[in-house]
Amino acid sequence: MTKTHKSPAAQAFAEMDDLNHKLARGQQMLHRLKDEQVQIATADKEVVFREDKTTLYRYKSTAKKTIGVPVLVAYGQIGRYTMTDLQEDRSMLRNLLALGVDVYAVDWGSPTRGDRWLTFEDYVDVYLADCIEHICRTHDIPALNLLGICEGGVFSLCYAALYPERVKNLILTITPVDFHQDQAEGRLNHGFINLWTRSLGDEDIERLIEANGNLPGELMSHVFSQMTPGATLSKYNVGLLDTFDDEKKLLNFLRMEKWLADRPHHPGEAAKQLLINLYKNNELVRGEFKLDGRTVDLARISAPVLNVYAKDDHIIPPKTTQALRGVVGTSDYTEIGLDGGHVGVFVSGKSQGVLGKGIVDWLRQRD
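As the structure is a computational prediction, the values presented were derived from the model and not from experiment.

Enquirer: Could you clarify how one ought to interpret the overall build of the chain in this entry?
Expert: Helix and strand counts for the chain stand at 14 helices and 14 strands. Split into buried and exposed, the 367 residues of the chain put 54% on the buried side. The contacts in the chain between residues at least 6 apart in sequence include a share of 79% that link residues at least 24 apart.

Here you go:
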């Protein structure tokens, strides 16, 4: 039997018909979805401490405790901690809970222009320190396990260097230490924030903060989107279209977009310290970064350190993180390199069985 072939025109009409049906299915799915279906950060938790706009959550246990000392998760100011609990099957926090960890997380809230004068000192010496004091008093322990993410990892490094007696184990994920090591990567599409900040004069950064009071969340959203312009241009057409055959994929897409759209402002003075003292002047790894006149000496960190980095992180290139090995004080230092990018190590399906388990296995050996 001879196989018939469609003419190019008929093939084009057939493909157009398929596309129209797919768009119709997508529109129907979007109309069916309810707000509660795209909620993020839904793991059961309770507020246990508040100070100004900072909130400390304790998560409800879901398994028998296997780690004796609680873990406090500290995210940064450029994004929100909710990324660690994006959805039920893509949640570092739920994975830790399922493995028997007592988990706390700090939420810095939504800074406004009135928070312009908040500094690294406020976040390290006051808000983070008071959350840690609350947990230590609650559990009657001298020190806890501190897990810092991105800029929250920098806060955690500063705290562990200034108050080493309060940190039993220090876990860092996608945390910059040597802000100039992006130049050693040799990858032109990596380290764009580093390049951008080094291209600015101090007076440019001063004017930016003066004009806005803070480092606007919208500006940082734009900066991140322009790091991968091809993906940014295609995700709302090709990327979104690919989800219209699978409601679960569509929900995954919408939850990620919800997190990306909720980028808080960064308090002005703390932003200047981040951009000038750290990104431009690279003071942390040089031992020159000071908080309230005290030098943040990473050699004073005596707790065991687990340093997790993403192998294809274009925002925090691996070598900017791995530089910690050469300057930290402890001899108990471990690195884990995970496949994926900056956010992917927390939310990709591939990482779900790796990150949480790697952290817990490491903690069990030091509990």
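Enquirer: Before we go on, may I ask you to explain unusual backbone geometry in this structure?
Expert: For residues besides glycine, phi is generally negative; the peptide bonds are generally trans as well. With a phi angle near 55°, Cys150 is a residue other than glycine that sits in the positive phi range. Structurally, Cys150 can be placed in the loop between strand 7 (144-149) and helix 4 (151-162). At Asp292, a residue that is not glycine, the phi angle is positive and equals roughly 50°. Position of Asp292 among the secondary structure elements: in the loop between strand 11 (290-291) and strand 12 (294-295).

Enquirer: Help me understand the environment of Tyr57, please; the structure alone is not making it clear to me.
Expert: Within the secondary structure, Tyr57 sits in strand 2 (residues 54-59). Once the C-alpha coordinates of Tyr57 and Val103 are considered, the two residues, 46 residues apart in sequence, prove to be 8.5 Å apart. Apart from the residues lying within four places of it in its own chain, the contact partners of Tyr57 are Lys45, Glu46, Val47, Val48, Tyr81, Val103, Tyr104, Ala105 and Asp107.

Enquirer: I'm lost on the nonpolar core in this one. Help?
Expert: One recurring pattern in soluble globular proteins is that nonpolar side chains are buried together. In terms of nonpolar packing, the biggest core is built from 102 residues, with Leu72 and Met92 touching the most fellow members. Those residues within four positions of Leu72 in sequence are excluded, and the remaining contacts are Leu56, Tyr104, Ala105, Val106, Leu128, Cys131, Ile132, Ile135, Leu144, Asn145, Leu146 and Leu147. By size, the runner-up hydrophobic cluster in this structure holds seven residues, among which are Leu33, Val38, Leu240 and Phe253.

Enquirer: Would you mind going over the side chain of Asn194 with me for this structure?
Expert: Within the element layout of this structure, Asn194 appears in helix 5 (residues 192-199). The class of Asn194 is buried, set by a relative accessible area of 2%. Within the local environment of Asn194, its side chain forms a polar contact with the backbone oxygen of Phe179, the two atoms lying 2.7 Å apart. With near-sequence residues (within four places) excluded, Asn194 lies in contact with Phe179, Asp182, Tyr279, Ile315, Pro317 and Thr320.

Enquirer: I tried to follow the pairing of strand 13 (residues 305-310) on my own but got confused; where do I start?
Expert: A regular strand carries its side chains on alternate faces of the sheet. Within strand 13, six of the six residues are buried, which leaves it mostly tucked inside the rest of the structure. Of the two faces of strand 13, the one carrying Val305, Asn307 and Tyr309 and the one carrying Leu306, Val308 and Ala310 are both buried. Relative to strand 13, strand 8 (residues 167-173) runs parallel, the two sharing four bridges. Paired with Leu172 across the strands is Asn307, a residue of strand 13.

Enquirer: Would you mind going over the environment of Gly353 with me for this structure?
Expert: Tracing the backbone shows Gly353 in the loop between helix 13 (344-347) and helix 14 (355-364). For the pair Gly353 and Arg90, spaced 263 residues apart in sequence, the C-alpha to C-alpha distance is 9.9 Å.

Enquirer: Looking at this structure, how should I read the pattern of salt bridges?
Expert: Side chains carrying opposite charge are able to pair once their charged atoms draw close together. Enumeration according to the criterion identifies 20 salt bridges in this entry. Here Lys53 makes a salt bridge to Asp115, at a shortest N to O gap of 2.7 Å. With Lys53 in the loop between strand 1 (45-51) and strand 2 and Asp115 in the loop between strand 6 (103-107) and helix 3 (120-139), this residue pair connects regions lying 62 residues apart in the sequence. Overall, the relative accessible area of 36% leaves Lys53 in the partly exposed class. Asp125 is the partner of Arg294 in a salt bridge, and the nearest nitrogen-oxygen pair spans 2.3 Å. Here Asp125 lies in helix 3 and Arg294 lies in strand 12, a separation of 169 residues in the sequence. Using a relative accessible area of 19% as the deciding quantity, one classes Asp125 as buried.

Cut-off values and rules
- Every chain's residues receive numbers from 1 upward, in the order its sequence appears when written.
- Selection of residues for local features in this predicted model requires a pLDDT of at least 70, selection of side-chain atom pairs for listing and counting requires 80 or more, and totals for whole chains, interfaces and linings are taken over all residues.
- Hydrogens and water are ignored here; the side-chain numbers use all heavy atoms of the structure.
- Each helix is a run of H or I in the DSSP string that is no shorter than four residues. Each strand is a run of E no shorter than two, and both are numbered from the N terminus.
- Classification of residues uses two cut-offs on accessible area relative to the type maximum, computed with a 1.4 Å probe and protein chains only: under 20% is buried, over 50% is exposed, and between them is partly exposed.
- By the convention used here, residues are in contact when the closest approach between their heavy atoms is within 4.5 Å.
- Buried Ala, Val, Leu, Ile, Met, Phe, Trp, Tyr and Cys residues that are joined via side-chain atoms within 4.5 Å together make up what is termed a nonpolar core.
- For the purposes of these results, a polar contact is taken to be a pair of N or O atoms within 3.5 Å, where, inside protein, one atom must be able to donate a hydrogen and its partner to accept one; residues adjacent in sequence count only when each atom of the pair is a side-chain atom.
- Strands qualify as paired when DSSP identifies two bridges or more between them.
- Salt bridge, as used here, is a side-chain nitrogen of Lys or Arg placed within 4 Å of a carboxyl oxygen of Asp or Glu.

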